[in-house]
Amino acid sequence: MEEDPDKKKKREDKAREKQLKKEKFLLKQAQEQDRHPSRASKRNGRKNVKGGVEDENPEDCVDPETPSGDKKRMSCQMSKQYSPSAVEKSWYEWWEKSGFFVADASSTKQPFVIVYPPPNVTGALHIGHALTAAIQDTMIRWRRMSGYNALWVPGMDHGGIATQVVVEKKIMREKQLTRHDLGRERFISEVWKWKHKYGGTILQQLRRLGTSMDWSRECFTMDDRRSNAVTEAFVRLYKHGLIYRDVRLVNWDCVLRTAISDIEVCNITPAHDPEDFDVGKRHNLDFINIFTDDGKINSNGGFKFEGMPRFKAREAIIEVLQQKGLYRGSESNEMRLGVCSRSNDIVEPLIKPQWYVMSEDLGKQALHALERKKLDIIPKQFTADWKRWLGNIHDWCISRQLWWGHQIPAWYVMLEDDTLQEYGAYEDHWIVARNEKEAQEEASLRYNGKKFHLRQDPDVLDTWFSAGLYPLSVLGWPDVTEDLRAFYPTSVLETGHDIIFFWVARMVMLGMNLGGDVPFRKIYLHPMIRDAHGRKISKSLGNVIDPIEVINGISLEGLHKRLEDSNLDPKELTVARAGQKKDFPDGIDECGADALRFALVSYMAQSDKINLDIKRVVGYRQWCNKLWNAVRFAMTKLGDDYTPPAKLNPDVLPFSCQWILSVLNKTISKTIKALESFEFSNATSAVYSWWQYQLCDVFIEVVKPYFTGNDPKFASERIFAKDTLWFCLDNGLRLLHPFMPFVTEELWQRLPSPMECKREESIMISSYPSPVECWNNERVEDEMALLESAVKSLRSLSNERHERRPAFALCQTQMVTKIINNYKLEIVTLSNLSSLTVINENDPVPSGYAMSLVNESLSVYVEPQGNIFSEAGQEQIQKHIQELRKQIERLEKTINAPAYEDKVPSHIQDGNRKKLESLLKKLDTFKM
């Protein structure tokens, strides 16, 4: 079996590099012995040379231990292989301790502000959090490096319903008690204990992802400042007539035992499950006889249904009606059934007094903000949803029958002389105030001289109410703080499109009314993540992806263990385990945070969903190794005493150096343009392509001959190549940093610093690259494009790479002849040839050589090994022959057409004749 050509190429390249290292080492050793005999002998004492090849001392490649918060102490030599865990260690603690993430409210720089969507305190990091973090950190790091006063605010949400459910389950499991057994005060105390012990885990995990959040401004939706903002917002909206209390039908969730808002209800077509209550039917009853004196059910009879689950009670009622002959059967009734988006329980209509936000006017303001260009939504497809929902908005029920949350700042006044002494009997007895003392004072004024006592509404506010205030409250509102003056409105709201109405629209509505302006200028809505097969992420499918497991790696057994620790039933567990075994038969390789971040951001070209394949993340982890080796190669060529210049003069540089700087310039422009327009996938593609296909695959390969031995003819080229290589790595790492913060920091710190200018302490506070006008060179790019085409054709002629062979280039024009002659060394190097001979159309074509047509002006020939042409080369030749014959047939048909010589102008006839001669000549070149 033939060896894979790519593997052979890598093996050859590795062998050449090893030989270069050997030669360099022996030369350096000889020079060292001449200058410092004693030092050389000491060095040889700790390095072994076997067969003349230098072996690394493994200890020199191990990073020394770094005290927490100190700048990372790196090994004196780079290891041969990139290790995510080694590279990503220690940098974050140093960044945070150094204050690189902290924004200055007094700065004169233009602000760029993002508020991270606050995750619930119950949460653990999931892949959606990781996507949000990767996108936002890319933006914030890019803007910080671009000279902005960048602020990224972290925080947590108290997650009313979710957190209460978690703690209720905990105390039931540990103490066999319900929250009602504990009472409200003790239960709330248990929730706070839980929050202090377990809450915020996700924020530590976000640190592991490398998020450059300003932790000095970390907040929690139920801390004192945020709670004060919630109370103030409620009071102001009430006094402005935008909050009111009313008795209406609400959406009641029987599992959560609370009202929910309209947009938390999903309308579905019910399925008929024989184990559940049969929905989707119309039941026909004899209403006339039910309510006659003879047939009516005793009014006390209803008590026997008390305490029954609602669906069982309905079955029991039907059974009673059947016994009494009052049931007339049922029929299928197509319907849409309301289901709670949180509990998946069927929602029941219930008449209940609740607090509401009057939303029509607030919705119009949010709608007008978009129409007046004060707000921009990206992607544009969501503007239609925005207009549709806000144009038909309903009032927002903000009462929740929970204990964990912001208790509604409203007190019911119970007058001593009220006829009805039940709580809430009189709707005009409510007082909204900031605290009980203020409520007491207002009640005393309203009911002058009357005796009363107050009772606060036990309900709490919808969690989305406090979340809707978040851009204001995190900056200190309602106080007019320095942060509020400096950073409101924020710059971008980035989140998933699934909460555009739950959260995004409500932030705009409340921000405009209470803050006087939109809370952010742009809304960027990212896709929802699915698995590699396009399925929704679900525990029961076993396709839940924990970002930390991707970063650190995990075995299949470890994945199974996570499932077993969850609350799946046995059937779901079996399905989930099978799903994991199919998708991750060998578990998940250690990928590191950089690879995961880059992969997630690169997926952003997809519109409404991302089909995440972990193999793609693994691929980027391997690419990190490519970056590592590129810098490692460079460090061996630059040498210990190298100092880069402050700037480059491209006019004196070799061709390949001019080219790499010119394409780097274009990559910088493409990347910045893509980031500015939120086209993140285009940004990653631009950066990846330059590093992979231009720097590593072409430039680094093409300059290697300059460093082979000490050939004096390449003396200046070596110097220029070193300078260009340094500039490429410095710019390339800074260009890549917002996407991959850890590996870029580590590699950048290893680069030597320019002597003429002071370098920043960290790559994250250095400047983002900007195009350098004098680096642009279209002519050089065009010439390199021709060379790359020739190299591609030469490589395609044979799959065999281990033996270097001679080649010919047949040039049809003087310009092409000049270019190929000028850059024969580059072509020979990239194509792995033994020689390249340039011939023109008057020279004899080499006989027996494999041939490929690069373009109409250039053909290349390679001596085949054992007269066996590669399959790909033969196919290409046949294609060219077929295309040439088609062109010749079409042209001959035109020339031989009746009255051609009479009707067609002579200059066109001359052109056609010359073209036909050229085509026939090219066809002859394919003959062996």
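The notes below deal with the structure included here.

Definitions and cut-offs
- Residues numbered from 1 in each chain as written.
- Predicted model: local features only at pLDDT ≥ 70, side-chain atom pairs only at ≥ 80, totals over all residues.
- Heavy atoms only, no water.
- Phe/Tyr/Trp six-rings, centres within 6.5 Å; stacked < 30°, edge-to-face > 60°.
- Buried < 20%, exposed > 50% of the residue type's maximum accessible area, 1.4 Å probe, protein only.
- Helix = DSSP H or I, 4+ residues; strand = E, 2+ residues; numbered from the N terminus.
- Pairing = 2+ DSSP bridges.
- Axes fitted to C-alpha atoms, helices over the stretch in contact; angles between N-to-C directions.
- Contact = heavy atoms within 4.5 Å.
- Right-handed = clockwise from strand over helix to strand, strands pointing away.
- Parallel < 35°, antiparallel > 145°, perpendicular 65-115°, else oblique.
- Left-handed = near helix turned anticlockwise from the far one by under 90°.
- Salt bridge = Lys/Arg side-chain N within 4 Å of Asp/Glu carboxyl O.

Under the definition given, this model contains 39 aromatic pairs. Judged by centre distance (5.3 Å) and plane angle (90°), the rings of Trp-94 and Phe-100 are edge-to-face. Each member of the pair, Trp-94 as well as Phe-100, is classed as buried. Ring plane angle 40° and centroid distance 5.3 Å describe the contact between Phe-598 and Trp-623, whose orientation is recorded as tilted. One end of the pair, Phe-598, is in helix H23 (residues 592-602); the other, Trp-623, is in helix H24 (residues 614-638), and 25 residues separate them in sequence.

A few words now on the sheet that holds strand S18 (residues 430-432). Adjacent strands of a sheet form backbone hydrogen bonds with each other and so pair up, either parallel or antiparallel. Spatial strand order, S18-S17-S19: three strands in an open sheet with antiparallel pairing. A strand with exactly one partner marks an edge of an open sheet, and here the two such strands are S18 and strand S19 (452-456). For this sheet, the mean angle separating the axes of adjacent strands, direction not counted, is 30°. When strand S17 (residues 410-415) meets S19, the two strands line up antiparallel, connected through five bridges. Counted as the bridge partner of Met-414 is His-453 from S19. Contacts between helix H15 (residues 436-446) and the sheet are confined to S17, S18 and S19, with S19 contributing the most and set at about 140° to the helix.

Attention now moves to the pairing of strand S4 (residues 149-153). The side chains of a regular strand alternate, residue by residue, between the two faces of the sheet. Among the five residues of S4, five are classified as buried, and the element is accordingly described as predominantly covered. Because side chains alternate across S4, one face comprises the buried residues Asn-149, Leu-151 and Val-153, and the other comprises Ala-150 and Trp-152, equally buried. Across five bridges, strand S3 (residues 111-115) lies against S4 in parallel orientation. Opposite Pro-111, over in S4, you have Asn-149 as the bridge partner. Since S3 and S4 lie parallel, the crossover through helix H5 (residues 127-145) that links them has a hand, and here it is right-handed.

Turning our attention to the sheet that holds strand S8 (residues 258-260). Taken in spatial order, the four strands line up as S8-S7-S13-S15 in an open sheet, and their pairing is antiparallel. Among the strands making up the open sheet, the edge pair consists of S8 and strand S15 (396-397).

On to the environment of Tyr-356, then. Within the secondary structure, Tyr-356 is located in strand S13 (residues 347-357). Taking the C-alpha atoms as reference points, Tyr-356 and Arg-245, 111 residues apart in sequence, are found 6.1 Å from one another. When sequence neighbours within four positions are dropped, the list of residues in contact with Tyr-356 reads Leu-242, Ile-243, Tyr-244, Asp-246, Arg-248, Leu-249, Val-250, Asp-395, Trp-396, Cys-397 and Ile-398.

Relative to the elements of secondary structure, Arg-310 occurs in helix H12 (residues 310-323). The residues touching Arg-310, leaving out its near neighbours within four places in the chain, are Cys-254, Asp-345, Ile-346 and Glu-348.

What follows is about the packing of H24 against helix H27 (residues 715-736). Geometry of a packed helix pair, given as the angle between the helix axes and the separation of the axes. Running from N to C, H24 and H27 point in directions that differ by 150°, and their axes come no closer than 10 Å. Between H24 and H27, the angle is such that the two are roughly antiparallel. In this structure, the crossing between H24 and H27 has a hand that is left-handed. Of the residues in H27, those in contact with Trp-623, Leu-627, Val-631, Phe-633, Ala-634, Lys-637 and Leu-638 of H24 are Lys-722, Leu-725, Trp-726, Leu-729 and Leu-736.

All right, on to the pattern of salt bridges then. Pairing between side chains of opposite charge can happen when their charged atoms approach one another. Summed over the entire model, instances satisfying the criterion amount to 47 salt bridges. A salt bridge links Lys-704 to Glu-701, with the shortest nitrogen-to-oxygen separation between them at 3.1 Å. Residues joined in a network through salt bridges with shared partners are Glu-232, Arg-236, Arg-434 and Glu-438.

In short, shape yes, function no, at least from these values alone.
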